[in-house]
Amino acid sequence: MAIEVSGLRKYFGRLRAVENVEFSVGEGEIFGFLGPNGAGKTTTINMLTGLARPDSGRIRYFGRDYTADIKQAQHLMGIVPDESNLYPELTGRENLKFCAALYGMPGREREQRSSRLLETFGLTEAAERKFATYSRGMKRKLTIAAGIIHRPGILFLDEPTSGIDVASARQIRSLLSGLNRRGTTIFLTTHYIEEAERLCARIAFIVAGRIVRVGTLDELMSSLEAGHVVELLTSAGTDQLAAELSGEFAGVRAETVEPGRTRLYCRKRLDLAPLFGFFERRGIEVSEARLVRPSLEDVFVRVTGLEIAKMDNGGHRGRRG
Amino acid sequence: MRHWEAFWCIVLKDMRTYYLKPPNLSWGILFPVAWTGMFFIRSQTPVDIRMILPGVMAMSILFGTTSMLAVTVTFERKGRSFERLLLSPVPLRLLMLAKTGGAIFFGIVNACIPVLIASFLIDISGIGWAALAGSVALIAVSSTFLGLFIAVSVSEVFEAQTFSNFFRFPMVFLCGLFSPWPHCRLRSSRSVICFPSHTVRISCTMRSTVRAACRCG
Ligand SMILES: Nc1ncnc2c1ncn2[C@@H]1O[C@H](COP(=O)(O)OP(=O)(O)O)[C@@H](O)[C@H]1O
Ligand SMILES: [Mg+2]
């Protein structure tokens, strides 16, 4: 296991930032921490990387316990914070070379590795410009380049694509996939469900400082109470009808999404013939029936009870007592 | 040692990027120059300049190092680039040594400004250079740590400069430049600036005495 964490806890005064967080990340995996703003994602990363001291809990990297002295593990990890923290008055290239030096890389290698990364991240042309003049997307890319300059085994990224343009975000995601294919273990936090779904092999939902569910995408999907969702488009459809449907078919829960659009949730595969019979008897025409795969979003909403629209505005806060 | 490489890079970067940064320029360089000029112009005789030189040097160092740390530490903490250093495998002590090293060196360079100006005005032969260097280094180190104390306790650069002034200005009065009263000197000999400024004074004025003392030590 690349990362093993147990019983991690952090309070700021009476404010619960992180409580009893427990998870492990296999070598070569992309693990995602998904949760609304204020859920405790950054606090967790800070504790894992040595910027914050946990109140309690254990942190192990590659099988060794580093809880008491994270400093000893810092050469194993690359860290990309939520806001770029490079030096505004240095150029892109100088920034990379400086970061390489921090990890004890000799002069010649610093030079070569910086040029290589500038090229990979499409920043060669801006290499001699001051970091302060970069756009948000460029800044984020250079920060990622700085994070991997010493070829770390584990890369931590805090909201790597938040607040940057779509094209840069896509480029960053593909760079991260590439890195991961070459063996880097990646731990990232995000409040974009779509990003977690696209990038991560395993995902933990974190809400108000607690992990509410962990699993692979498939595990999370199948954990949803309704294994199968069928959506019907009908010439008429009301809540009354939905109630009748639920009554007639055992193990089926029906819900009217909007008039004429009904969703049926059930655990087993649904036999469609009796269903069509039900509507025919009532003189209602079924124009379309399709199987809806639950999205990660459905799972998230169901498990956490949070609405997606609320993901961005402050989120939940836990208080002790 | 791999970490020494990092150490030098931090020191050199701080020197390159911060020595000429505006807050540093005004408080660390322009102020001591103006200050030195003011005192020297006012002094009527060469003897006078020699008497004033130690205090002026000590003040230059104090202002230089404290403003330097306000930039290297407070400024970087605000811009979060300080976190990058904390996240690197460089041991904390070495890191602080690197951050203060640039300031200590800056203070020593600052101490040379008044000496340089004085060398055009008076004959500076007879100074105990070894003792002078030692005292200058001592002031630079102690005032750098005063600066560090200030830099970590505030969050804005201007706050660091203002907060520093609470220490710096009283020291101007305590170091004996303005007030030669004995009781004041006695009290002030405990302040960061005074004790070393006395040693600078001794090294500037009594070369032979210091030499003898050095030999004994
Ligand atoms: N230094 C701090 N002092 C006090 N409270 C903090 C501090 N850092 C974070 N918090 C609080 O801890 C909670 C978790 O924050 P954070 O980990 O930044 O969330 P996320 O990164 O998931 O958005 C929030 O309620 C936040 O206000
Ligand atoms: Mg955060």
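Nothing here was measured: the structure is a model prediction, and the numbers come from that model. Here the residue numbers are simple positions, counted from 1 along each chain's written sequence. Working convention: letters from A go to chains and numbers from 1 go to ligands, in the order in which they are written. The predicted nature of this model means local features are confined to residues of pLDDT at least 70 and side-chain atom pairs, given and counted, to a pLDDT of 80 or more, with totals for whole chains, interfaces and linings taken over all residues. To get the side-chain values, all heavy atoms of the structure are used, and hydrogens and water are removed first.

Novice: Which parts of the structure should I look at to understand the overall build of chain B?
Specialist: Broken down by element type, chain B carries 10 helices and zero strands. Mapped in sequence order, the helices and strands of chain B form the string α-α-α-α-α-α-α-α-α-α. A 1.4 Å probe rolled over the protein chains alone gives each residue an accessible area, and that area as a share of the maximum for its type sets the label: buried under 20%, exposed over 50%, partly exposed in between. Within chain B, buried positions represent 52% of all 217 residues. Any two residues whose heavy atoms approach within 4.5 Å are treated as being in contact. A separation threshold of at least 6 residues defines the contact pool for chain B, and within that pool the share at least 24 residues apart is 80%. Carbon and sulfur atoms form 73% of the exposed surface of chain B, whose accessible area is close to 10100 Å². By definition, any uninterrupted DSSP run of H or I lasting at least four residues is a helix, any uninterrupted run of E lasting at least two residues is a strand, and each is numbered from the N terminus. Using a 1.4 Å probe, the Shrake-Rupley method yields the accessible areas, and only the shown protein chains count as cover for residues.

Novice: I tried to follow the packing of aromatic side chains on my own but got confused; where do I start?
Specialist: Two measures describe an aromatic ring pair: the distance that separates the ring centres and the angle between the ring planes. Two aromatic rings from Phe, Tyr or Trp, using only the six-membered ring of Trp, form a pair when their centres are within 6.5 Å; if the ring planes differ by under 30 degrees the pair is stacked, by over 60 it is edge-to-face, and anything between is tilted. Overall, the coordinates contain 20 aromatic pairs over all chains when judged by the stated rule. Arranged with centres 6.0 Å apart and planes meeting at 75°, the rings of Tyr18(B) and Phe75(B) form a pair that is edge-to-face. Placement of the pair is Tyr18(B) in helix α1 (residues 2–18) and Phe75(B) in helix α3 (residues 46–78), with a sequence separation of 57 residues. A relative accessible area of 0% means that Tyr18(B) is categorised as buried. Residue classification places Phe75(B) among the partly exposed positions, given a relative accessible area of 27%. In textbook terms, an aromatic cluster arises when at least three aromatic residues are bridged by ring pairs, as seen for Phe23(A), Phe31(A), Phe33(A), Tyr61(A), Tyr66(A), Phe156(A) and Phe187(A).

Novice: Is there a simple way to think about helix α5 (residues 92–121) of chain B in this case?
Specialist: Helical geometry: 3.6 residues make up each α-helical turn, so side chains three or four residues apart lie on a common side. Multiplying 1.5 Å by the helix residue count minus one yields the expected span of that helix. Over its 30 residues, α5(B) runs 45 Å from end to end, which matches the ideal 44 Å to within 8%, given 1.5 Å per residue. Bend is computed residue by residue as the angle between axes fitted to the seven residues ending at the residue and the seven residues starting at it. Along its length, α5(B) reaches its greatest deviation from straightness, about 25°, at Thr100(B).

Novice: Is there a simple way to explain the sheet that holds strand β13 (residues 261–266) of chain A in this structure?
Specialist: Sheets are built from strands paired through backbone hydrogen bonds, the pairs being either parallel or antiparallel. Residue and element names in this part refer to chain A. When DSSP finds two or more bridges between two strands, those strands count as paired. Read across the sheet, four strands follow the order β12-β13-β11-β14 without closing on themselves; strand pairing throughout is antiparallel. The sheet terminates laterally at β12 (252–258) and β14 (286–292), the two strands that pair on one side only. In this sheet, adjacent strand axes meet at a mean angle of 20° when their direction is disregarded. Axes, fitted as lines to C-alpha atoms, cover a helix only where it is in contact. Angles between the N-to-C directions of the axes lie from 0 to 180 degrees. Helix α8 (residues 239–248) contacts β12 and β13 of the sheet and is inclined by roughly 165° relative to β12. Those strands touched by helix α9 (residues 272–281) are β11 (228–234), β13 and β14, and its axis lies near 30° from that of β11.

Novice: Sorry, what's going on with helix α2 (residues 92–102) of chain A here?
Specialist: Most of α2(A) sits out of view: nine of its 11 residues are buried. Residues of α2(A) that are buried: Gly92(A), Arg93(A), Asn95(A), Leu96(A), Phe98(A), Cys99(A), Ala100(A), Ala101(A) and Leu102(A). At its buried positions, α2(A) is contacted by α3 (107–120) and α4 (136–147) of chain A together with α1 and α4 (81–87) of chain B. With its phi angle positive at about 75°, Gly104(A) sits one or two positions after the end of α2(A).

Novice: Would you take a moment to explain the site of ligand 1 for this structure?
Specialist: Residues and elements named next belong to chain A. Only heavy atoms are used to decide nearness, and a residue is near a molecule or strand if one of them lies within 4 Å of it. Looking at ligand 1, there are 12 residues lining it, with Gly-38, Gly-40, Lys-41, Thr-42 and Thr-43 nearest. Contact distances for ligand 1 include 2.8 Å between an oxygen atom and a backbone N or O atom of Lys-41. Here ligand 1 has 560 Å² of accessible area as a free molecule, and 65% of this is covered by the chains. Of all the elements in the fold, those that place two or more residues in the shell around ligand 1 are β2 (15–25) and α1 (41–49). Among the elements that make up the shell around ligand 1, the one with the highest residue count is α1 (three residues). The class makeup of the residues in the shell around ligand 1 is five nonpolar, five polar and two charged. Any pair of N or O atoms that falls within 3.5 Å is considered a polar contact. Within protein, one atom must be able to donate a hydrogen and the other to accept it, and sequence-neighbouring residues count only if both atoms are side-chain atoms. Residue polarity is assigned by list, with Asp, Glu, Lys and Arg as charged and Ala, Val, Leu, Ile, Met, Phe, Trp, Tyr, Cys and Pro as nonpolar; anything else, Gly included, falls into the polar class.

Novice: Please explain the interface of chain A and chain B as it appears in this structure.
Specialist: Accessible area lost during the coming together of the parts is what is often quoted as the interface size. Taken together, the contact pairs 27 residues of chain A with 25 residues of chain B. What counts as buried area is the accessible surface, traced by a 1.4 Å probe, that two parts surrender upon association, with contributions from both included. Summing both partners gives a buried area of about 2300 Å² for chain A against chain B, and 59% of it is carried by carbon and sulfur. The salt bridge criterion pairs a side-chain nitrogen of Lys or Arg with a carboxyl oxygen of Asp or Glu, the two atoms within 4 Å. The interface formed by chain A and chain B contains three salt bridges. Where Glu5(B) meets Arg110(A), a salt bridge forms, and the shortest distance between an N and an O atom there is 3.2 Å. Run the count over chain A and chain B and you get seven residue pairs in polar contact (both at pLDDT 80 or more). Elements with a minimum of two residues in the side of chain A that touches chain B: α2, α3 and α4 of chain A.

Novice: Even after reading the chapter, I still don't get the environment of Asp158(A), so can you show me in this structure?
Specialist: All names here are of chain A. Topologically, Asp-158 is positioned in strand β7 (residues 154–158). The class of Asp-158 is buried, set by a relative accessible area of 2%. Ignoring any residue separated from it by four or fewer positions in sequence, one finds Asp-158 in contact with Thr-42, Ile-45, Val-80, Pro-81, Asp-82 and Thr-189.

Novice: Looking at this structure, I do not really get the domain arrangement of chain A. What am I missing?
Specialist: Residue ranges for the domains trace back to a domain assignment, done automatically or taken from a database. The domains assigned to chain A are domain 1 (3–221) and domain 2 (225–293). Spacing between the C-alpha centres of domain 1 of chain A and domain 2 of chain A amounts to 44 Å.

Novice: Would you take a moment to explain the sheet that holds strand β6 (residues 77–80) of chain A for this structure?
Specialist: Residue and element names in this part refer to chain A. Strand order in this open sheet of six strands is β6-β7-β8-β3-β9-β10, and the pairing throughout is mixed. Unpaired on one side and paired on the other, β6 and β10 (210–216) mark the two borders of the sheet. Put simply, the sheet's adjacent strands are angled 15° from each other on average, direction ignored. As paired elements, strand β3 (residues 30–34) and strand β8 (residues 185–190) share five bridges and run parallel to each other.

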